Amino acid sequence: MQEWEIPGYVWAAVAVVASIVYAAWTSWRAGQREDARLLAAVAGAGGLAIAVASA
């Protein structure tokens, strides 16, 4: 079985996306729906970028 390491930039990108998701969640709970939708879209794009970069 082959071992592989996850590059540091992928971990950094995951941390950034996770923080954006948290910001979207807190905005949604605070009633700022438009901000939450924008942040969720940014997080989704970041997740897609991570998937492409790690492929």
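For clarity, every value in this text was computed on a predicted model and none was experimentally measured.

K.L.:
Honestly, the overall build of the protein in this entry has me stumped. Any pointers?
P.N.:
Scanning the protein from N- to C-terminus turns up two helices and zero strands. For the protein, whose C-alpha radius of gyration is 14 Å, the value lies well above the compact-globule estimate of 10 Å for 55 residues. Dimensions of the protein, computed from C-alpha atoms along their principal axes, come out at roughly 50 × 20 × 15 Å. Burial analysis of the protein (55 residues in total) assigns 16% to the buried set.

K.L.:
Just checking my understanding: could you explain the pattern of salt bridges for this structure?
P.N.:
If charged atoms from side chains of opposite charge come close, those side chains can pair. Taken as a whole and assessed by the stated rule, the structure comprises one salt bridge. Across the salt bridge formed by Glu34 and Arg37, the nearest N and O atoms sit 3.0 Å from each other. In this pair, Glu34 and Arg37 are both assigned in helix H2 (residues 33-54), three residues apart and thus about one turn of the helix distant. Classification of Glu34 as exposed rests on a relative accessible area of 59%.

K.L.:
Is there a simple way to explain the environment of Val10 in this structure?
P.N.:
If you trace the backbone, Val10 turns up in helix H1 (residues 8-29). Given the relative accessible area of 8%, Val10 is considered buried. With 44 residues separating them along the chain, Val10 and Ser54 place their C-alpha atoms 7.0 Å apart. Non-local contacts of Val10, meaning those with residues more than four positions away in its chain, are made with Ile50 and Ser54.

K.L.:
Looking at this model, I keep getting lost on the nonpolar core. Mind explaining?
P.N.:
Nonpolar side chains tend toward joint burial in soluble globular proteins. By size, the foremost hydrophobic cluster in this structure holds five residues: Val10, Val17, Ile20, Ala43 and Ile50. Listed by contribution, the elements that provide at least two residues to this core are H1 and H2. With residues up to four places along the chain from it excluded, the contact list for Val17 reads Ala43, Gly46, Gly47 and Ile50.

Rules behind the numbers
Residues numbered from 1 in each chain as written. Predicted model: local features only at pLDDT ≥ 70, side-chain atom pairs only at ≥ 80, totals over all residues. Heavy atoms only, no water. Helix = DSSP H or I, 4+ residues; strand = E, 2+ residues; numbered from the N terminus. Rg over C-alpha atoms; globule rule 2.2 N^0.38 Å. Buried < 20%, exposed > 50% of the residue type's maximum accessible area, 1.4 Å probe, protein only. Salt bridge = Lys/Arg side-chain N within 4 Å of Asp/Glu carboxyl O. Contact = heavy atoms within 4.5 Å. Core = buried A, V, L, I, M, F, W, Y, C linked by side-chain atoms within 4.5 Å.

So far we have only geometry, and geometry alone does not tell us how the molecule works.
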